[in-house]
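Read off the chains here:
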Amino acid sequence: MPPSFAVRSPGRPGFAEGQAPTPRPPAAKIELKAGDHVVYPTHGVGTVQGIETIEAAGMELQMIVVTFDENRMTLRVPVNKVPTAGLRKLFTQKEFDAAIDTLKGRARIKRTMWSRRAQEYEAKINSGDPIQIAEVVRDLQRNAGQPDQSFSERQIYEQALERLAAEYAAIEKIDKLTASDRLVAFAKAS
């Protein structure tokens, strides 16, 4: 007799609803100049060095040059691709307050396998959205001091906290360690 296969439907255990967060709509055109701090979703906070023109395939392209000091990396993004690449200016203090409110909330840990939750957390971190990154920090913060936290949980937690602290430090004009300590205090205060 052939094995039978159950079809899982939304709302039932095992159904992977919305694994990755929905992509944000393209942002409006932003004006950038040398010295501006910007956020690139998969790399975090960087500094605009300027705009340069390069020739590729017989065409001249204007590129925004962004450096990431922590990684010693330079990124060049075509000016016409900035909105779709996800490059954005730092959040304002008022916008970032929503991320802090998220940190102060209650942890919402799904009862799914860790591998699936880890993928969701990675997608949230790479979204570049401070509110989604704050959700990761909040959800994994609760387990930070417990001995049963796995190495991969700790790594994802630290990656999310580092990414969030980098933007918070740039907004508040403080060092990253102080920003990280403040964010942890916000999360523990709830």
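See above for the structure.
Keep in mind it's a predicted model, so treat the numbers as computed, not measured. (Residues numbered from 1 in each chain as written. Predicted model: local features only at pLDDT ≥ 70, side-chain atom pairs only at ≥ 80, totals over all residues. Heavy atoms only, no water.)

Sheet architecture is open: five strands sit in the order β4-β3-β2-β1-β5, paired in antiparallel fashion. The open sheet has two edge strands with one neighbour each: β4 (73–78) and β5 (88–89). Of the pairings in the sheet, the one linking strand β1 (residues 37–40) to β5 comprises two bridges and is antiparallel in character. From the neighbouring strand, V38 faces β5, where its bridge partner is K89. Contacting β1, β2 (44–56) and β5, helix α5 (residues 151–172) crosses the sheet at an angle of about 90° to β2. (Pairing = 2+ DSSP bridges. Helix = DSSP H or I, 4+ residues; strand = E, 2+ residues; numbered from the N terminus. Contact = heavy atoms within 4.5 Å. Axes fitted to C-alpha atoms, helices over the stretch in contact; angles between N-to-C directions.)

This part is about the pairing of β2. Two strands pair when backbone bridges link them, and β1 and β2 are joined in this way by four bridges, in the antiparallel orientation. Residue pairing in the sheet places Y40 in a bridge with G44 of β2. Taking the residues between adjacent antiparallel strands as the criterion, β1 and β2 are bridged by three residues. Pairing of β2 with strand β3 (residues 59–68), which is carried by nine bridges, proceeds in the antiparallel orientation. Directly across from E55, in β3, lies its bridge partner E60. The hairpin formed by β2 and β3 contains two residues between the paired strands, and A57 there has a positive phi angle of roughly 55°.

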